[in-house]
Amino acid sequence: MNRRDLLKLAAASAATVAASRFPFGAPRARAEISPSEKFLFVITANGGGSMVDAFYPVLESEAKGDGKVLTTYPEALIAKPSGSNLRCVKHVEKESPFSSTGSLEALLQSHYADMVIVPVDNTSVNHVVAQKRAITGAGIDRGRTIMEAVAMRHGEKKLLPNCNMAAGGYIARGDDPSVADWARAELITSPELFPLATDSARGLAGVPEASLVERARGIRGKLESASDFSKLHAQSALRRRFLELQTKLSSSLADAKLIEKLMIIPDSAGGVGAGGLPLTEMDLASSPYGEKIWSAFPDVMTDSLHAQGALAFLLARYGVSSVVTLGPSAKPVFLNDKEGTILGTPISFDYSHVDHRLCQNIMWSRVAVQIDGLIRLLKAEPLGDGSMWDRSLIYVATDFGRGRDRPSGADTWGSAHDLNNANLFISPMLKGNRLFGGIDLATLRFHGFDRKTGEADPGVMLREGDLYSLIAHVFDVKFDGRTDMTAVLR
Amino acid sequence: MSGQSRRVLVLSLLTFGAACSSEDVRAGARKPTCEADAPAQRAESLLWKRGSALTADLATGLALSPEELCVELGTKSCLDVHRVALGSADTFNSGLAPGVERPLATSAIAIDRVVLSACSARVERDAEGEPEVFKGVSLSGAMPKDTKAAAGLAADVGALLYPRLLGRDAKDAELAVLTELAVDAQGAPVSRADFAKLACFTVGTTTEFLLY
């Protein structure tokens, strides 16, 4: 063996130690939050949410040229709350099997002071590719997703630093192999039942009592050691990973009593809330935050977006996660009620290929449900001298924009994917109530701004990496190539 | 620090001190002057037994149908609720295909729940009717207080479980470990039914069952 081999071996051993999240024993992750923490929520407008159909619509009369052939709106469909520099599209009344309970107007009215619109020219019209680029900044930070980056920066002591309830390319794993396992996304497909995945036994029918199961889990380790299998596969990284999960993290999750704290299901046995389950009969209970979360998200048992929003708040509130991703999947929500209500449109925002105006209106309203509910919960939760909202940022990620062309005067038409768009960020940590950049009223295409001064500049084109860099600035995530987006920060 | 990490670290420290060089080997020395032979980078030797494979092995081993294995809160199959954590794809909901590359933080707990529920279901059925797995073993009453009798019963249960779940006979050392499940943390005997459930759970969540 030569010196180079020795150095490689030493480096590998150091990396092995460093890569183990608990190299010298597992510190118990705190289940509370400190006033200095920040919280990132990524809400995914899956399928292509167009900003000119949401929070920067253009009046037909404002367009340069013939406004009837562009995605403009009549005055009756646009709202601009007093004090707001931004405007929004009102509810579009149209016969359709699809609907939503949200309101862009109500959202803007309540939160315009914290809303920021940042133009972007995306780099892919393929959904899955574009979705992944929306969260990786098109690879600007070694291929890390912004969620992994924030988790790596702030989540080491968290139990589940990076939780993801979204779909498609928004659940993609980043491409940087140096991201630790614990910072990778914990995928959650069933938010109302997810708390059960934090305890090995509670809630199961006919099983021994929890103390016996816990003891058995300890004895299992001895059984492992006694087997020839363990000796034969002592080098297996996969086996080591399983053992680490079984012996360390599982205990931490159970000890934190997340099965209670994160339980968003109403307890029908306890007489709390309608449409719940008899949790008390199963040795379970609703979250102590039950009443608060149901006031913001009353339909947790029937509407997945409500369930996601409720769980996202609790994951942040109990210090479980630094970043939570949520948003609609390609499937709308079928309420199976006698009216046959379908919330959302099929394939989410991409139903714009069939009926652009209706789809954008309904799906932005659906996203508004999550944004509004989440902000209300965060604002109501004290933290330090203010509230959790003071230290939160919501990034509404989307694949790309939609084509601005319209058959003359049409109310119903299909739109294509379009790279040019603008993204919505909401946070008291940003200079809110503003579009950074501008819009060309002849084409309805957005342009960027001087990143240092914040002044609109038609010659500037922002990319996914700039959106990534903006979030990175807020969360103190440093990397080579980060663009200076400090003009947007408050 | 894991045992593996400790071994590699010690090994690297030893090799640093050994003044080992490749010239010594090229000189044709019968015994290399390098004190340590560094472990070669080994490819992963095991695969994760994911969702449907785990389901199939558990169902076969415990003579249950997949639907009988585990239900969460009386509403949904655990295999659907924990689909992603169990390693399965989730094509139609989240668009995840194939399944996650590495186990999630909650994968171990999800597996615990499925196996514990399945084992408990099997024990309950065998206790109430014609036994299919726990044949020739009484599942009523408490485990014997006498340690030798308890060890005998543990061996009987182990002799039933190991072939069904791991495809082999248990070693004496493994049966001795199973005997520890006969009492609770205070040393009081557990019920025979609980012992059977816990033994099944413990064997069924070893890495030997979960990986291949």
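From a predicted model like this one, the values you see are computed outputs, not experimental measurements.

A few points about the interface of chain A and chain B
Then step 1. Chain A puts 76 residues into the contact, and the matching count from chain B is 74 residues.
Then step 2. Carbon and sulfur atoms supply 65% of the area that chain A and chain B bury against each other, a total of about 6700 Å² over both sides.
Then step 3. One salt bridge connects B:Lys76 with A:Glu192, and the closest N-O pair in it is separated by 3.8 Å.
Then step 4. Across the chain A-chain B interface, the total number found is 25 residue pairs in polar contact (both at pLDDT 80 or more).
Then step 5. Those elements that place two or more of their residues in the side of chain A that touches chain B are α1 (3–19), β7 (186–187), α5 (210–226), α6 (228–232) and α7 (237–255) of chain A.
Then step 6. Among the elements that take part in the side of chain A that touches chain B, α7(A) stands out by supplying twelve residues, more than any other.
Then step 7. Among the residues forming the side of chain A that touches chain B, the class breakdown is 42 nonpolar, 18 polar and 16 charged.

Details of the confidence of the model for chain B
It should be kept in mind that the predicted coordinates are not to be read in detail where pLDDT is low.
Then step 1. Overall, the predicted model of chain B reaches an average pLDDT of 86, with 80% of residues at or above 70.
Then step 2. If you check the scores for this complex, the pTM reads 0.89 and the ipTM reads 0.89.

Looking at the pattern of salt bridges
Then step 1. A complete count under the given rule lists 40 salt bridges over all chains for this structure.
Then step 2. Close ionic contact of A:Glu60 with A:Arg406 constitutes a salt bridge, the shortest N to O distance being 3.5 Å. Linking A:Glu60 in the loop between β1 (39–45) and β2 (78–79) with A:Arg406 in the loop between β14 (401–402) and β15 (417–418), this pair joins segments that are 346 residues apart in sequence.
Then step 3. Using a relative accessible area of 25% as the deciding quantity, one classes A:Glu60 as partly exposed.
Then step 4. Across the pair B:Lys197 and B:Glu124 runs a salt bridge whose closest N-O atoms are separated by 2.6 Å. A residue pair is termed long-range when its members are at least 10 positions apart, and B:Lys197 in helix α9 (residues 192–204) and B:Glu124 in helix α6 (residues 107–128) qualify at 73 residues.
Then step 5. Residue classification places B:Lys197 among the buried residues on the basis of a relative accessible area of 4%.
Then step 6. Several salt bridges share partner residues, and in doing so they unite A:Asp181, A:Arg241, A:Glu244 and B:Arg102 into one network.

Structural notes on the pairing of strand β5 (residues 115–121) of chain A
Residues and elements named next belong to chain A.
Then step 1. A large share of β5 lies buried, amounting to seven of its seven residues.
Then step 2. Here β5 shows a buried face lined by Met 115, Ile 117, Pro 119 and Asp 121 and a second buried face lined by Val 116, Val 118 and Val 120.
Then step 3. Where β5 meets strand β16 (residues 420–426), seven bridges bridge the pair, whose relative direction is antiparallel. Its bridge partner being in β16, Met 115 is matched across the sheet by Ile 426.
Then step 4. Direction of pairing for β5 relative to strand β17 (residues 434–435): parallel, over a ladder of two bridges. Among the inter-strand pairings, Ile 117 is bridged to a residue of β17, identified as Leu 435.

Reading the values: rules and limits
- Residues numbered from 1 in each chain as written.
- Chains lettered and ligands numbered in written order.
- Predicted model: local features only at pLDDT ≥ 70, side-chain atom pairs only at ≥ 80, totals over all residues.
- Heavy atoms only, no water.
- Contact = heavy atoms within 4.5 Å.
- Buried area = accessible area lost by both parts, 1.4 Å probe.
- Salt bridge = Lys/Arg side-chain N within 4 Å of Asp/Glu carboxyl O.
- Polar contact = N/O pair within 3.5 Å; in protein donor to acceptor, adjacent residues only side chain to side chain.
- Helix = DSSP H or I, 4+ residues; strand = E, 2+ residues; numbered from the N terminus.
- Nonpolar A, V, L, I, M, F, W, Y, C, P; charged D, E, K, R; others polar.
- pLDDT = per-residue confidence, 0-100.
- Buried < 20%, exposed > 50% of the residue type's maximum accessible area, 1.4 Å probe, protein only.
- Pairing = 2+ DSSP bridges.

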